[in-house]
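The lines below spell out each chain.
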Amino acid sequence: MGCFQSRGADSKANRIARWRSTGIVALRDAKLKTFPDEVLDLDRSVRTLDLTHNKLVEIPMDISNLVNMQRLILATNLIERLPINLGKLQALKVMILDGNQITSLPDELGQLVRLEKLSISGNMLMSLPETIGSLRNLSLLNVSNNKLKYLPESVGSCFSLEELQANDNLIEELPASVCNLVHLKSLCLNNNKISQMEGFQEFEARRKKKFDKQIDSNVMIGSKGLDEVLIYNSAAFTVLLLNRLDNGYISSTTSDIKERGLDSLLVFFV
């Protein structure tokens with residue numbers, strides 16, 4: 001028995017030493033119900049923490065000790081809320097919280113100014129904090145499969161955003177500030193309640209006045225960001241195209257855009 005304990009203690013010591021040297025703590029599918037104390041004791045050594053597919057219910061306040069952590073992956077647990085001192089993780093660049101039971105996000109989320117990717121799909125969110133607009137380095141935001149009825153106006157201040165996924169929610173309209181997201185390449189809004197964006201009629205009038213000639217199918221589209229909004233309605237879906245119209249023309253067919261592989265934005269509302 002003594003030999004077994006010594007061997008186990010040695011194994012644990014080696015594991016902790018490995019965590020310290022690599023900065024990577026990976027404990028997927030470990031049947032954890034609480035955060036391991038030995039992980040929290042690593043303090044500044046942790047750069048990546050992956051506790052995917054466990055049975056964690058809460059994130060301890062002591063997680064703020066991991067001040068050098070850049071990647072936090074806690075997908076597929078039972079987490080209901082985030083600690084209010086989460087904002088102390090100033091080095092955090094990636095946070096994955098998919099498949100939990102989170103109902104709200106703290107305002108302190110906006111303090112994670114280096115955050116580049118935030119994925120919190122498959123939770124129970126009813127709203128996002130206005131402070132999300134402080135995440136100026138955020139390039140990916142995934143809030144699909146929640147209970148969101150709207151996106152905050154402040155989301156338009158996430159100027160680095162390239163991909164916004166909000167499928168399977170209850171969203172009825174998009175904030176006008178979405179047009180400020182000049183780097184946006186992908187906007188996914190499948191299975192929501194959006195019908196038509198505000199300002200469409202005014203845009204359509206401008207478009208008809210500006211493009212009074214038959215559009216040539218060979219015309220190229222400039223694609224440096226988001227400038228105008230065009231909505232096509234059909235029986236099955238609505239396609240929202242957002243393009244910067246650098247050359248003064250826009251393709252009239254979605255197939256033309258797909259074939260060219262342009263950096264255009266296609267959004268389907270089913």
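Basis of the calculations
- For every chain, the first residue of the written sequence is number 1, and numbering continues from 1 onward in sequence order.
- Note on the predicted model: pLDDT of at least 70 is required for a residue's local features to be given, and 80 or more for side-chain atom pairs to be given and counted; whole-chain, interface and lining totals, by contrast, use all residues.
- Side-chain measures here rest on the full set of heavy atoms in the structure, leaving out hydrogens and waters.
- Here the rule is simple: two strands pair whenever DSSP picks up at least two bridges between them.
- In this text, helices come from DSSP runs of H or I with a minimum length of four residues, and strands from runs of E with a minimum of two, each type numbered from the N-terminal end.
- Helix axes are fitted only over the stretch in contact, all axes being lines through C-alpha atoms; the angle between N-to-C directions runs from 0 to 180 degrees.
- Each residue gets one of three labels from its accessible area relative to the maximum for its type: buried under 20%, exposed over 50%, partly exposed in between, using a 1.4 Å probe on protein chains only.
- Counting of polar contacts relies on pairs of N or O atoms within 3.5 Å, with two restrictions inside protein: one atom must be capable of donating a hydrogen and the other of accepting it, and residues adjacent in sequence are counted only when both atoms are side-chain atoms.
- Any pair of residues with heavy atoms lying within 4.5 Å of one another is described as a contacting pair.
- Every case where a carboxyl oxygen of Asp or Glu lies within 4 Å of a side-chain nitrogen of Lys or Arg is listed as a salt bridge.

Chemist: Sorry, what's going on with the sheet that holds strand E5 (residues 117–119) here?
Modeler: Hydrogen bonds between backbone atoms are what pair the strands of a sheet, whose relative direction is either parallel or antiparallel. Read from one edge to the other, the open sheet built from eight strands follows the order E1-E2-E3-E4-E5-E6-E7-E8, with strand pairing classed as parallel. One side of each edge strand has no neighbouring strand; the edge strands of this open sheet are strand E1 (24–26) and strand E8 (186–188). In this sheet, adjacent strand axes meet at a mean angle of 5° when their direction is disregarded. Here strand E2 (residues 48–50) pairs with strand E3 (residues 71–73) via three bridges, running parallel. Considered in E3, the bridge of threonine 48 is made with arginine 71.

Chemist: What am I meant to see in the side chain of serine 177 here?
Modeler: Mapped onto the elements, serine 177 comes out in the loop between strand E7 (163–165) and E8. Since its relative accessible area comes to 6%, serine 177 is described here as buried. A polar side-chain atom of serine 177 sits 2.5 Å from the main-chain carbonyl oxygen of glutamate 153. If we ignore the near neighbours within four places in the chain, the residues touching serine 177 are Pro152, Glu153, Val155 and Gly156.

Chemist: Explanation requested: the environment of threonine 22 in the structure shown.
Modeler: For threonine 22, the location among the structural elements is in helix H1 (residues 2–22). With relative accessibility at 32%, the residue threonine 22 sits in the partly exposed group. For threonine 22, the side chain forms a polar contact with the main-chain oxygen of arginine 18, separated by 2.9 Å.

Chemist: Looking at this model, I keep getting lost on unusual backbone geometry. Mind explaining?
Modeler: Most of the time, phi is negative for any residue but glycine, and the peptide bond is trans. Even without being glycine, threonine 76 reaches a positive phi, approximately 55°. By secondary structure assignment, the location of threonine 76 is in the loop between E3 and strand E4 (94–96). Unusually for a residue other than glycine, asparagine 191 sits at a positive phi of about 55°. Among the secondary structure elements, asparagine 191 is positioned in the loop between E8 and helix H3 (200–210).

Chemist: Looking at this model, I keep getting lost on the pattern of salt bridges. Mind explaining?
Modeler: Opposite charge on two side chains lets them pair, provided their charged atoms get close. Taken as a whole, this structure holds two salt bridges when the rule is applied. Across the salt bridge formed by glutamate 38 and arginine 15, the nearest N and O atoms sit 3.6 Å from each other. Pair noted here: glutamate 38 is in helix H2 (residues 37–40) and arginine 15 is in helix H1, with a separation of 23 residues, a long-range link.

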